[in-house]
Amino acid sequence: MSNPEHFYIDGRWVPGEGSATLAVIDPSTEKAYAEIALGSVTDIDKAVMAARKAFAAFAGTSRHERMELLEAIIAEYEKRQDEMAEVISREMGAPINLARRAQAAAGREHLSQALAALRNYTFETHINNVLVTREPIGVCGFITPWNWPMNQIACKVGPALATGCTMVLKPSEVAPMSALLFSEIMHAAGVPAGVYNMVNGDGATAGDALSRHPEVDMVSFTGSTRAGILVAKAAADTVKRVHQELGGKSPNILLDDADFEQAVTRGVLGCFGNTGQSCNAPTRLLVPADRQAEVIEIAARVAATVSVGDPRSAQTTMGPVVSALQFERIQRLIEVGIAEGATLVAGGLGRPEGLETGYYVRPTIFADVDNQMSIARDEIFGPVLSILPYRSEEEAVAIANDTVYGLSSYVTSSDIERARGLARSIRAGMVHINGAPIDSAAPFGGYRQSGNGREGGVFGFEDFLEVKSIFGHGRS
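Residues numbered from 1 in each chain as written. Predicted model: local features only at pLDDT ≥ 70, side-chain atom pairs only at ≥ 80, totals over all residues. Heavy atoms only, no water.

Caption draft 1: Representation of a nonpolar patch on the surface in the model. Side chains of Ile338, Leu344 and Leu349 sit close together on the surface and give an oily, nonpolar patch of about 230 Å² of accessible area. Within the secondary structure layout, Leu349 lies in the loop between strand S14 (343–346) and strand S15 (364–367). Leu349 sits in the partly exposed class, given a relative accessible area of 40%. (Patch = residues over 30% accessible without salt bridge, like charges linked within 9 Å, V, L, I, M, F, W, Y side chains within 5 Å. Areas by Shrake-Rupley, 256 points an atom, 1.4 Å probe, with all protein chains shown as cover. Salt bridge = Lys/Arg side-chain N within 4 Å of Asp/Glu carboxyl O. Helix = DSSP H or I, 4+ residues; strand = E, 2+ residues; numbered from the N terminus. Buried < 20%, exposed > 50% of the residue type's maximum accessible area, 1.4 Å probe, protein only.)

Below you can see the structure in the form of structure tokens.
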């Protein structure tokens with residue numbers, strides 16, 4: 001990439017107004033390999049005003065024109081998808097196989113879903129003599145995270161383009177290189193000037209300025225609940241729409257009729273996937289109390305098979321966490337788990353043997369966890385699994401719902417009707433039955449402090465549209 005110290009504003013690569021820069025760290029080596037410019041309030045203002053200037057014309061484009069644009073973006077993305085995987089792997093530590101199979105692939109998938117949803121989306125309906133029309137909300141501000149960078153950028157940019165909105169993206173400063181590459185893709189695809197803009201920067205300056213800006217009509221944020229609250233407060237003065245996809249502490253309930261070998265294996269590997277840095281990771285494994293010993297044996301055995309190491313190696317199944325800050329937070333919470341009396345089944349404090357450099361965490365499992373312990377309540381965002389015993393199905397549901405979060409959840413049973421009934425009892429935006437994977441056409445989002453609004457497919461369009469009633473319009 002040729003523009004790490006520039007921003008993409010109004011169809012051009014431009015230098016920032018200030019002099020602040022930030023080193024980009026490879027989490028596997030702890031060494032800087034690039035430097036980005038950090039955007040100022042002035043840079044954000046320029047980007048927002050470029051989006052505002054472009055809005056009227058882009059909002060007036062036809063469905064067909066926006067479909068052609070998305071097709072062009074997808075074509076350019078496919079040309080550089082392998083490069084995108086390598087960039088993501090280096091900036092945030094995902095093993096290269098995961099980066100290719102899921103991280104980079106997610107970007108193309110969300111763009112394709114936006115295109116598919118646009119083909120048949122109903123923008124206008126009639127109620128009696130009233131025309132109800134859905135119109136683009138306007139200028140959108142996007143603040144995206146480092147853990148699934150392309151997934152979260154594409155699931156915002158795709159629907160925004162499909163519905164006729166213009167936008168300003170502020171990606172995570174911890175993993176900014178994928179956003180720079182994505183901006184090159186957008187330029188090569190011929191996105192009209194001002195429709196898509198990108199400014200790198202930190203949350204306290206650039207993110208806050210984007211959230212507060214009076215010319216931003218909607219802000220979509222993905223990240224921690226703590227940061228999401230700050231975004232909502234900053235946006236409140238201008239009464240703009242706020243979409244949030246925040247934290248999670250997802251329960252994974254194994255009923256007594258489940259295939260435990262299969263379900264525990266899936267649960268452990270699901271928790272450790274992406275080094276535990278997924279908001280929907282199944283981090284609380286709820287098991288029948290009289291079978292906890294069996295679960296512990298399986299879980300420990302599975303943890304021992306996890307290959308931690310260089311994310312560029314094809315043999316690696318778990319890379320480093322993203323930063324020194326994240327590493328230290330995970331270490332503190334593992335220490336708290338030990339101090340609170342949970343049984344350490346696997347892993348623990350420090351780096352895995354033989355890995356002295358890099359933000360590597362030992363795949364860690366605790367058993368005998370009480371749901372009031374910190375490791376059961378706090379989003380650790382690392383490869384740390386808590387096993388919680390329950391004594392009845394009702395108690396399992398009560399434990400599952402005893403959280404400030406409500407993003408995702410998991411249920412395993414050999415009786416599908418039993419699993420379906422339990423799924424309806426869980427207060428979360430998503431439930432996976434018997435290991436069913438995510439479907440990107442379905443809504444993604446959560447209850448309570450896991451956020452508001454939904455992403456994915458036609459549901460992902462809703463936050464980008466205003467609803468207008470035209471009375472007396474008639475049907476002709």
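Caption draft 2: Representation of helix H8 (residues 225–236) within the structure. Spanning 12 residues, H8 covers 16 Å between terminal C-alpha atoms, matching the ideal 16 Å at 1.5 Å per step. Every buried residue of H8 is accounted for by Thr225, Ala227, Gly228, Val231, Ala234 and Ala235. Looking at the buried residues of H8, the elements they touch are strand S7 (139–143), helix H7 (203–212), strand S10 (218–222) and strand S11 (241–245). (Expected span 1.5 Å × (residues − 1). Contact = heavy atoms within 4.5 Å.)

Caption draft 3: Main features of the nonpolar core. Ranked by size, the top nonpolar core spans 69 residues in total, and within it Ile73, Met84, Val157, Leu161, Met167, Phe182 and Tyr196 carry the most contacts. Tallying contributions element by element places helix H4 (residues 96–120) first for this core, with 10 residues. The contact partners of Met84, leaving out residues within four places of it in the chain, are Tyr77, Ala104, Met150, Ser178, Leu181, Phe182 and Ile185. (Core = buried A, V, L, I, M, F, W, Y, C linked by side-chain atoms within 4.5 Å.)

Caption draft 4: Inspection of the sheet that holds strand S13 (residues 284–288) at higher detail. Spatially, 7 strands are ordered S14-S15-S16-S13-S12-S17-S18 in an open sheet, and the strand pairing comes out mixed. Strands at the two margins of the open sheet, each flanked by one partner only, are S14 and strand S18 (432–433). Of the pairings in the sheet, the one linking S14 to S15 comprises 3 bridges and is antiparallel in character. Bridge pairing links Thr343 to Ala367 in S15. The strands touched by helix H9 (residues 260–272) within the sheet are strand S12 (251–254), S13, S15, strand S16 (384–390) and strand S17 (410–412), with S16 carrying the most contacts at an inclination of about 140°. (Pairing = 2+ DSSP bridges. Axes fitted to C-alpha atoms, helices over the stretch in contact; angles between N-to-C directions.)

Caption draft 5: Just the side chain of Ser386, in detail. Tracing the sequence through the fold places Ser386 in strand S16. Leaving out residues up to four positions away in the same chain, Ser386 has contacts with Thr283, Arg284, Leu285, Phe366, Val369, Ile375 and Ala376.

Caption draft 6: Representation of the packing of helix H13 (residues 393–401) against helix H14 (residues 416–425) in the model. The contact between H13 and H14 brings their axes to 10 Å, and the two run at 40°. Classified by the angle between their axes, H13 and H14 sit oblique to one another. Our pair here, H13 against H14, has a crossing hand that is right-handed. Two secondary-structure elements touch here, H13 through Glu393, Val397 and Asn401 and H14 through Arg418, Leu422 and Ser425. Along the lines of polarity and charge, the residues of the contact of H13 with H14 split into 2 nonpolar, 2 polar and 2 charged. (Parallel < 35°, antiparallel > 145°, perpendicular 65-115°, else oblique. Left-handed = near helix turned anticlockwise from the far one by under 90°. Nonpolar A, V, L, I, M, F, W, Y, C, P; charged D, E, K, R; others polar.)

Keep in mind these values describe shape, not function.
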